[in-house]
Amino acid sequence: MTEIPTDPIFSELRPRLVRLAYRMLGSVADAEDIVQEAWLRWLATDRESIREPAAFLRTIVTRLCLNELKSARRRAKPMSDHGCLSRSSTRKTMMQLTISRCR
């Protein structure tokens, strides 16, 4: 069986990183996935050149979350029969979504 490498810095920061990702994404599973990706990037990084590991890891997690949110928005974008929405129908759809969320 392969032994999983551990890192005391990452292990200490992991709960905070999960909380950060959860606050941004709203899903524990997605937050765990993001932190796992951050772990892989941390392993591939030359840690000797990093002055503030906590700041570095928070930045990685934040950027990964933003990428995830952007791709989720792109996947969820509604399409018309012609493959794109007109500006007026997009505004109307956004207004309807906003109104329905406020109720």
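None of the values given here were measured: they were computed from a predicted structure.

Before going further, it helps to examine the overall build of the protein chain. Each helix and strand counted, the protein chain has 4 helices and 0 strands in total. Secondary structure elements of the protein chain occur, N-terminal to C-terminal, as α-α-α-α. Of all 103 residues assigned to the protein chain, the portion counted as buried reaches 20%. Taking the contacts inside the protein chain whose residues are at least 6 apart along the sequence as the reference set, 59% of them involve residues at least 24 apart. Accessible surface for the protein chain amounts to roughly 8,300 Å². Of this, 54% is attributable to carbon and sulfur atoms.

Structurally, E37 is set in helix α2 (residues 28-43). Separated by 27 residues in the primary sequence, E37 and L64 have C-alpha atoms spaced 8.2 Å apart.

If you walk through the whole model with that rule in mind, you get 2 aromatic pairs. Measuring from ring centre to ring centre gives 4.9 Å for F10 and W39, while their planes differ by 55°; the resulting arrangement is tilted. Of the two residues, F10 is situated in helix α1 (residues 8-25) and W39 in helix α2; the sequence distance between them amounts to 29 residues. Among the residues examined, F10 registers a relative accessible area of 3% and is labelled buried. What makes W39 buried here is its relative accessible area of 10%. Note on W42 and F56: the rings are 6.0 Å apart at their centroids and 50° apart in plane angle, and the pair reads as tilted.

Moving on, we get to the nonpolar core. Grouped burial of nonpolar side chains is what soluble globular proteins tend to show. Residues F10, L17, I34 and V61 are the most contacted members of the largest nonpolar core, which totals 19 residues. Those elements that place two or more of their residues in this core are α1, α2 and α3 (53-76). With 7 residues, the top contributor of residues to this core is α1. If sequence neighbours within four positions are ignored, V61 has contacts with L17, L20, A21, I34 and A38.

Cut-offs and rules
Residues numbered from 1 in each chain as written. Predicted model: local features only at pLDDT ≥ 70, side-chain atom pairs only at ≥ 80, totals over all residues. Heavy atoms only, no water. Helix = DSSP H or I, 4+ residues; strand = E, 2+ residues; numbered from the N terminus. Buried < 20%, exposed > 50% of the residue type's maximum accessible area, 1.4 Å probe, protein only. Contact = heavy atoms within 4.5 Å. Areas by Shrake-Rupley, 256 points an atom, 1.4 Å probe, with all protein chains shown as cover. Phe/Tyr/Trp six-rings, centres within 6.5 Å; stacked < 30°, edge-to-face > 60°. Core = buried A, V, L, I, M, F, W, Y, C linked by side-chain atoms within 4.5 Å.

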